[in-house]
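Inside the fold
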Amino acid sequence: MTHSYKGQVHRTAAVVACAALLLTLTSAVGSAQAQGRDTGRETLPAGDGWGSAGAGTTGGAHADAAHVFTVTTWDEFKAALKKGGDAPKIIKVSGTLNPAAAGCAAFAAPGYDFARYLAAYDPAVWGHDRPVSGAQEDLRAASGAHQKPAIEANVPSNTTIVGVGANAGIVGGSLQIKGVDNVILRNLTLESPLDCFPQWDPTDDNKTGAWNSEYDSAVVYGSTHVWVDHDTFTDGAHPDSTLPSYFGKIYERHDGELDIVKGADRVTVSWNAFKEHDKTLMIGNSDGAAASDAGKLRVTLHHNVFAGIVERAPRVRFGQVDAYNNLYTVTGSQKYQYAFGIGYQSQLVAEKNALTLPQGVSPASVLKKWSDAPLTAAGNYVNGRPVDLIAVHNAELPGEALRSGAGWTPTLRTAVDDPRSVPGIVGKGAGAGKVG
């Protein structure tokens, strides 16, 4: 009995030792795998929004070694985009790229003078009945034509653009995802480009005039299978609050942060932070674009944070848009207008989102009716309480009543969180530098 017991002890000790060794080796392998993770090779998970439909979105995950680039300047970035055509490619952005580092003067056409522009088109001189024209307008347009190719970058099909570390990004550039398929944009801080040469339109805004600007941080134009994930969109050093006014109107130098337009389709926008911006996210840019947009503009928005924005989060035309588990934080500092814009032939589903509104801002303002189109808005929480957004809107704004029932049910969802937990989950996890 004693001999048998000792043998059992020795055998047990050996088993324990082997198990401990195996656990150590497994932990080491797991640690090595974690350290060796390549976010450039990651693809949109199956079932994760409209971008996963059909062939899914893989970006440049299958790139060979010759088509993996690490760039540290804007020129290197644009060169990498051109290499290999539509062959799968991964472009890793290290640090901050700035195509407008030399300032607006570098783009100005000889003879353009902003003071002369103001003098020529002052409403007291020019009036509000006709568009601006003449020498200074021609020079302004020529200056804009210099800026445009300098700050825009065309993204080809089968491309992943990913930031390296927590502080990678692009300042003043505009990513053009135009007429292509299968693109991933991740882990970047994108500071909105400044239009150096906005145009004064005296006939705009009911003939009170307005300054109109160009350039989005990113535009998805006629493209399919796009995944925009864990990026931060911001006005950075140039928020609207710092912009001057001329002719009684803000000298607007920003356009959108992200636009999805002109027949774009099958797009997933997840875990991004959209901050302190006016015209934030537009899906469909014209009521008259049925030829390109009808049956398309299918977009999923989930686990994004919209903080300090004014409008368009999103503004929708035509598309079947699924917006769930997003966090909307309205502060008292900006001139907030609305979150969801209900536009022409849109079919928006807005479910289980969380909104924080300050005192004096009614939940009725969350929805904005631009056209008569049905929507589904269920399970949304405002300041920690469930609110029927359509009912509140219709009660307070009966002249702009909205119809309930988008006419379709989203199926391409992965994890759907309780809206009460969204502020904590999305607040901690959304934006650049937070890829889990």
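**What about the overall build of the protein chain?**
Counting its regular elements, the protein chain contains 9 helices and 32 strands. Considering only C-alpha atoms, the protein chain reaches an extent of 110 × 55 × 40 Å along its principal axes. Residues counted as buried form 49% of the 436 residues belonging to the protein chain. Long-range contacts, defined here as pairs at least 24 residues apart, represent 75% of the contacts in the protein chain between residues at least 6 apart. When the accessible surface of the protein chain is summed, it comes to about 18800 Å², and 55% of that surface belongs to carbon and sulfur atoms. Here the protein chain contributes 37 positive and 43 negative side-chain charges, whose respective centroids are spaced 6 Å apart.

**Thoughts on the packing of aromatic side chains**
Throughout the structure, instances matching the rule amount to 22 aromatic pairs. The interplanar angle of 50° and the centroid separation of 6.3 Å between the aromatic rings of Phe114 and Trp211 together place this pair among those described as tilted. One end of the pair, Phe114, is in helix α3 (residues 114-121); the other, Trp211, is in strand β11 (residues 210-212), and 97 residues separate them in sequence. Residue classification places Phe114 among the partly exposed residues on the basis of a relative accessible area of 22%. On the accessibility criterion, Trp211 (4% relative accessible area) is buried. Note on Tyr117 and Trp211: the rings are 6.2 Å apart at their centroids and 35° apart in plane angle, and the pair reads as tilted. With a gap of 94 residues between them, Tyr117 in helix α3 and Trp211 in strand β11 connect regions that are remote in the sequence. Accessibility assignment for this pair places Tyr117 and Trp211 in one class, buried. Aromatic ring contacts, followed pair by pair, group Tyr112, Phe114, Tyr117, Tyr121, Trp126, Phe197, Trp200, Trp211, Tyr246, Phe247 and Tyr251 into a single cluster. When the ring centre of Trp370 is taken as origin, the NZ or CZ atom of Lys368, which lies over that ring, is 5.1 Å away. Taking the ring centre of Tyr324 as reference, the NZ or CZ of Arg413 above it sits at 4.6 Å.

**Some thoughts on the packing of α3 against helix α5 (residues 135-151)**
Remark: α3 packs on α5, axes separated minimally by 9 Å, with the N-to-C direction vectors making an angle of 135°. In terms of orientation, α3 and α5 fall into the oblique class. For the pair α3 and α5, the sense of crossing is left-handed. Contact residues: α3 offers Arg116, Tyr117 and Tyr121, while α5 offers Ala135, Gln136, Glu137 and Arg140. Broken down by class, the residue content of the contact of α3 with α5 amounts to 3 nonpolar, 1 polar and 3 charged.

**Points about the state of the cysteines**
Taken as a whole and assessed by the stated rule, the structure comprises 1 disulfide. Across the disulfide from Cys104 sits Cys196; the S-S distance is 2.0 Å. Taking the sign of the S-S torsion, -75° for the link of Cys104 and Cys196, the bridge is left-handed. Placement of Cys104 in the loop between β3 (96-97) and α3 and of Cys196 in the loop between β9 (189-191) and β10 (199-201) is noted, with a sequence separation of 92 residues between them. With relative accessibility at 9%, the residue Cys196 sits in the buried group.

**Brief notes about unusual backbone geometry**
Across the junction of Ala313 and Pro314, the peptide omega takes the value 5°, indicating a cis bond. Relative to the helices and strands, Pro314 is located in the loop between β22 (305-307) and β23 (315-316). With a phi close to 65°, Phe318 is a non-glycine residue in the positive phi region. Structurally, the position occupied by Phe318 is in the loop between β23 and β24 (320-324).

**Quick notes on the nonpolar core**
Generally speaking, a soluble globular protein has its nonpolar side chains buried in company with each other. Ranked by internal contacts, the top residues of the largest apolar core, which has 64 residues, are Phe77, Leu258, Ile260, Val269, Phe340 and Val366. Here this core takes 4 residues from helix α2 (residues 74-82), the largest share from any one element. Leaving out residues up to four positions away in the same chain, Phe340 has contacts with Ala313, Pro314, Ala323, Tyr328, Leu348, Ala350, Asn353, Val366, Leu367 and Lys368. If you look at the next biggest cluster of nonpolar residues, it comprises 14 residues, including Phe107, Tyr117, Leu118 and Val132.

**Things to note about the sheet that holds strand β6 (residues 169-171)**
Ordered in space as β3-β6-β9-β14-β19-β22-β25-β28-β31-β32, the 10 strands form an open sheet in which the pairing is mixed. Strands at the two margins of the open sheet, each flanked by one partner only, are β3 and β32 (385-386). Against the sheet, helix α9 (residues 422-429) contacts β22, β25 (327-329) and β28 (354-356), and its axis sits at roughly 85° relative to β25.

Cut-offs and rules
- Residues numbered from 1 in each chain as written.
- Predicted model: local features only at pLDDT ≥ 70, side-chain atom pairs only at ≥ 80, totals over all residues.
- Heavy atoms only, no water.
- Helix = DSSP H or I, 4+ residues; strand = E, 2+ residues; numbered from the N terminus.
- Buried < 20%, exposed > 50% of the residue type's maximum accessible area, 1.4 Å probe, protein only.
- Contact = heavy atoms within 4.5 Å.
- Areas by Shrake-Rupley, 256 points an atom, 1.4 Å probe, with all protein chains shown as cover.
- Lys, Arg positive; Asp, Glu negative; His and termini not counted.
- Charge placed at Lys NZ, Arg CZ, Asp CG, Glu CD.
- Phe/Tyr/Trp six-rings, centres within 6.5 Å; stacked < 30°, edge-to-face > 60°.
- Lys NZ or Arg CZ within 6 Å of the ring centre and 35° of its normal.
- Axes fitted to C-alpha atoms, helices over the stretch in contact; angles between N-to-C directions.
- Parallel < 35°, antiparallel > 145°, perpendicular 65-115°, else oblique.
- Left-handed = near helix turned anticlockwise from the far one by under 90°.
- Nonpolar A, V, L, I, M, F, W, Y, C, P; charged D, E, K, R; others polar.
- Disulfide = S-S within 2.5 Å.
- Core = buried A, V, L, I, M, F, W, Y, C linked by side-chain atoms within 4.5 Å.
- Pairing = 2+ DSSP bridges.

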